[in-house]
Amino acid sequence: MNAFFRLKSLSGFKKSAYYSNQSAINKIAFREKSLNMKFTTVPTKPFLDQKPGTSGLRKKVKTFQQPNYLENFVQSIFDAIKAPQGATLTLGGDGRFYNREAIQIILRIAAANGFGKVLVGQGGILSTPAASCVIRKYKTFGGIILSASHNPGGPEGDFGIKYNIENGGPAPEKVTESIFTISKQISSYKITESEEVPLDNLGTYELGKMQIQIIDSVYDYSELMESLFDFDAIKKLFKSGFRMKFDAMHAVTGPYAEEIFIKRLGASKDSLMNCIPLPDFGNGHPDPNLTYAHELVDILYAENAPDFGAASDGDGDRNMILGRHFFVTPSDSLAVIAANARLVKGYSKGLLGVARSMPTSAAVDKVAEALQIPCYETPTGWKFFGNLMDADKVTLCGEESFGTGSNHVREKDGLWAILFWLNILAIKSQSVEQIVKRHWTQYGRNVYSRHDYEDLPIEIATGVINHIRDSFSSITARVFGKYVVKSCDDFSYTDSIDGSVSTKQGLRILFVDGSRIIFRLSGTGTEGATLRLYLEAFEPDSAKHDIDAQIALSELISIAMSISEIKERTGRDIPTVIT
Ligand code: G16
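1. Structural notes on the domain arrangement of the protein
Along its sequence, the protein is organised into domain 1 (15–217), domain 2 (221–443) and domain 3 (445–578). The distance between the C-alpha centroids of domain 1 and domain 3 comes to 38 Å. When domain 1 packs against domain 3, the two sides together hide about 630 Å² of surface, and 38% of this comes from carbon and sulfur. By the criterion of area lost to domain 3, the three top residues of domain 1 are Thr-54, Arg-58 and Lys-60, representing 54% of everything that side buries.

Structure, rendered in structure tokens:
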């Protein structure tokens with residue numbers, strides 16, 4: 001045992017008694033006299049590129065590995081949030097390459113900055129929704145989540161870090177801006193030297209005056225899921241021969257899926273695929289969409305396909321839902337969940353309201369109207385939902401980017417969405433396709449697609465955006481075939497709770513019949529720029545609901561191409577990804 005850590009092993013406790021004995025363990029652990037530590041202050045120079053994007057700071061692993069790069073950013077977070085001495089922090093990540101090294105560094109900086117305790121997921125693992133759950137359950141002073149979400153991992157891949165505030169949600173823009181400002185002026189950081197904290201053993205350690213508690217990464221989250229959904233009904237569904245295939249894409253949700261689907265819900269072992277988390281995600285791109293989760297898509301579109309397919313991303317906050325030979329768009333998934341929420345235990349009292357990001361289709365708006373509940377339209381980024389949930393304005397939120405969630409945590413939540421679907425399927429005894437098509441018959445279909453042009457030179461992508469913005473005055477009221485432009489704008493949002501204003505959140509071309517074309521640049525990439533084109537048309541006629549979305553949207557796609565000059569300006573004939 002090194003001089004700095006004192007492990008209070010749990011070997012004397014049965015694992016099942018771990019949680020009920022938590023306070024006893026803490027008392028035993030903390031009876032030991034704290035060691036006095038000498039902390040060092042290390043001079044540093046600012047990096048000028050530490051501006052958090054849509055969801056935290058995401059860069060190449062190699063960028064984070066530069067001397068002082070991670071240290072500077074972590075110190076900037078701590079300087080910005082001004083945690084009281086002795087505060088508790090939650091810490092964990094999606095297990096990607098550099099996760100473990102980063103956890104060790106952050107623990108040493110946290111100790112030097114006066115934190116009293118850090119709750120760390122075993123092995124340094126916490127899915128993003130599980131981290132949000134832990135922050136809320138144990139009322140910690142927020143948490144640090146290490147993830148670049150759906151971006152590829154490995155030594156040549158991406159890494160990311162973000163701070164979530166005490167409500168469990170991503171820090172709002174005023175906090176991320178303050179972190180960025182500090183990062184541009186930083187001249188030193190505080191750290192202590194120490195040996196490695198053994199992250200794999202549940203237990204409590206001491207690092208100077210700071211306690212480090214290694215917690216079970218899946219337990220608290222699994223308990224929360226069991227409190228929200230009817231696990232008995234889902235168990236019965238599996239017993240009846242219902243077949244599911246869940247693809248964890250070699251990312252963080254593998255152990256969560258084992259615990260929830262196999263151990264608690266009795267699904268067969270072959271219901272899971274790619275459930276061993278790997279630091280490079282098995283060389284894959286852990287983004288649950290039709291392009292990157294093609295292995296799962298092939299299974300669901302094969303003969304004798306399972307009844308239900310689902311995937312989640314690198315850090316477990318995204319989800320994709322598939323039926324047999326059927327893809328559910330994230331926007332439709334949100335609408336179906338909202339329409340059926342009362343069937344599900346944790347939501348049986350109904351919804352306070354719903355919210356969606358601006359580029360997400362208006363399918364959920366129609367459900368909200370029918371339920372006579374408010375529907376909010378926010379900019380892209382889960383952080384914009386936090387205030388609405390904290391103020392009890394909304395229960396459900398969703399984004400076209402494969403994100404769905406509720407006020408049970410303050411992050412979007414992949415496994416939660418999958419469980420919601422399983423619960424609905426267990427109660428309705430209809431197929432996924434039937435549920436969605438009946439939904440369309442009732443509410444109409446918001447035909448929707450997103451086209452991504454990835455890895456464009458930044459100046460070319462911003463050139464396209466500037467060109468579209470410059471065209472606004474000439475296209476307003478113009479007629480394009482059957483479409484008439486009603487208005488164009490650069491979306492701006494005023495938070496109804498704190499009055500904060502976020503401008504330039506995406507270019508909208510709105511048509512008289514309610515169709516929309518939207519352009520924006522992604523805020524999550526690490527290389528070049530990704531231009532996103534979102535297309536939406538409303539089809540009330542159920543006789544036309546079976547049409548392929550790309551065909552139904554073909555006229556809007558041509559209009560978007562002609563207004564934006566994407567092909568001419570980027571030299572790309574087709575998008576990189578279509579969802
Ligand atoms: C993040 C945010 C989401 C956002 C998504 C896409 O997701 O949390 O709110 O919708 O990025 O953002 P963009 O279009 O800017 O790339 P994740 O799963 O990457 O954390």
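Next comes the rest of the account.
2. Here's the deal with the pattern of salt bridges
Going through the model one piece at a time under the given rule, you end up with 30 salt bridges. The residue Lys-60 makes a salt bridge to Glu-527 at a minimum N-O spacing of 3.9 Å. Of the two residues, Lys-60 sits in strand E3 (residues 57–60) while Glu-527 sits in the loop between strand E26 (516–521) and strand E27 (529–539), which places them 467 residues apart along the sequence. Residue class for Glu-527 comes out partly exposed when judged on its relative accessible area of 47%. With a shortest N-O distance of 2.9 Å, Glu-536 and Arg-516 are connected by a salt bridge. Placement of Glu-536 in strand E27 and of Arg-516 in strand E26 is noted, with a sequence separation of 20 residues between them. One network of salt bridges, with partners in common, ties together Arg-356, Asp-365, Glu-377, Asp-489, Arg-508, Arg-516 and Glu-536.

3. Focus: the site of the ligand
The immediate surroundings of the ligand are formed by 19 residues, with Glu-399, Arg-520, Gly-523, Thr-524 and Arg-532 found nearest. In this structure, an oxygen atom belonging to the ligand sits 2.6 Å away from a side-chain N or O atom of Arg-520. Burial of the ligand by the surrounding chains reaches 99%, relative to a free accessible area of 460 Å². The site holding the ligand turns out to be the largest cavity.

4. Quick word on empty space enclosed by the protein
Summed over all chains, the structure comprises five cavities of 30 Å³ or more. Considering only enclosed or pocket space, the largest cavity measures out at about 260 Å³ in volume. Taken together, 26 residues form the lining of the largest cavity, with Thr-54, Arg-318, Ser-401, Lys-412 and Thr-524 sitting closest to its centre. Its residues assigned to classes, the lining of the largest cavity comprises three nonpolar, 10 polar and 13 charged. Here the second largest cavity defines a volume of roughly 110 Å³.

5. A short note on the packing of aromatic side chains
Between two aromatic rings, the relevant description is the distance of the centres plus the angle of the planes. Here the structure, examined in full by the defined rule, presents 19 aromatic pairs. Among the aromatic residues, those joined into a ring-pair cluster are Phe-47, Phe-64, Tyr-69, Tyr-98 and Phe-159. The ring of Phe-538 carries the charged tip of Lys-366 above its face, separated from the ring centre by 4.2 Å. A cation sits over an aromatic face here: Arg-445 above Trp-440, 4.2 Å from the ring centre.

6. Comments concerning the sheet that holds strand E11 (residues 244–247)
By way of backbone hydrogen bonds, the strands of a sheet pair with one another, either parallel or antiparallel. A sheet is described by the order of its strands in space; here five strands give the open sequence E12-E11-E13-E14-E15, paired in mixed fashion. The strands lining the two open edges of the sheet, one partner per strand, are strand E12 (272–273) and strand E15 (326–328). The sheet contact formed by strand E13 (residues 308–312) and strand E14 (residues 319–323) spans five bridges and is antiparallel. Counted as the bridge partner of Ala-311 is Met-320 from E14. Where helix H15 (residues 432–443) meets the sheet, its contacts fall on E13, E14 and E15, and the angle it forms with E15 comes to roughly 55°.

7. Quick word on the pairing of E11
Alternating positions in E11 separate into two faces, Met-244 and Phe-246 on one and Lys-245 and Asp-247 on the other, with burial throughout. Direction of pairing for E11 relative to E13: parallel, over a ladder of four bridges. Across the sheet, Met-244 pairs through a bridge with Phe-308, a residue of E13. Here two bridges tie E11 to E12, and the two strands are oriented parallel to one another. Along E12, the bridge assignment pairs Asp-247 with Met-273. Assessed by its sense of winding, the connection that carries the chain from E11 through helix H9 (residues 254–264) to E12 is right-handed.

Calculation criteria
Residues numbered from 1 in each chain as written. Predicted model: local features only at pLDDT ≥ 70, side-chain atom pairs only at ≥ 80, totals over all residues. Heavy atoms only, no water. Domains from an automatic or database assignment. Buried area = accessible area lost by both parts, 1.4 Å probe. Salt bridge = Lys/Arg side-chain N within 4 Å of Asp/Glu carboxyl O. Helix = DSSP H or I, 4+ residues; strand = E, 2+ residues; numbered from the N terminus. Buried < 20%, exposed > 50% of the residue type's maximum accessible area, 1.4 Å probe, protein only. Near = heavy atom within 4 Å. Polar contact = N/O pair within 3.5 Å; in protein donor to acceptor, adjacent residues only side chain to side chain. Areas by Shrake-Rupley, 256 points an atom, 1.4 Å probe, with all protein chains shown as cover. 1 Å grid on protein atoms, 1.4 Å probe; cavity = no way out; pocket = protein on both sides within 12 Å on 5 of 7 lines; lining within 4 Å. Sits in = over half its atoms within 2 Å of the grid points. Points joined across faces, edges and corners; volume = space filled by probe spheres on them. Nonpolar A, V, L, I, M, F, W, Y, C, P; charged D, E, K, R; others polar. Phe/Tyr/Trp six-rings, centres within 6.5 Å; stacked < 30°, edge-to-face > 60°. Lys NZ or Arg CZ within 6 Å of the ring centre and 35° of its normal. Pairing = 2+ DSSP bridges. Contact = heavy atoms within 4.5 Å. Axes fitted to C-alpha atoms, helices over the stretch in contact; angles between N-to-C directions. Right-handed = clockwise from strand over helix to strand, strands pointing away.

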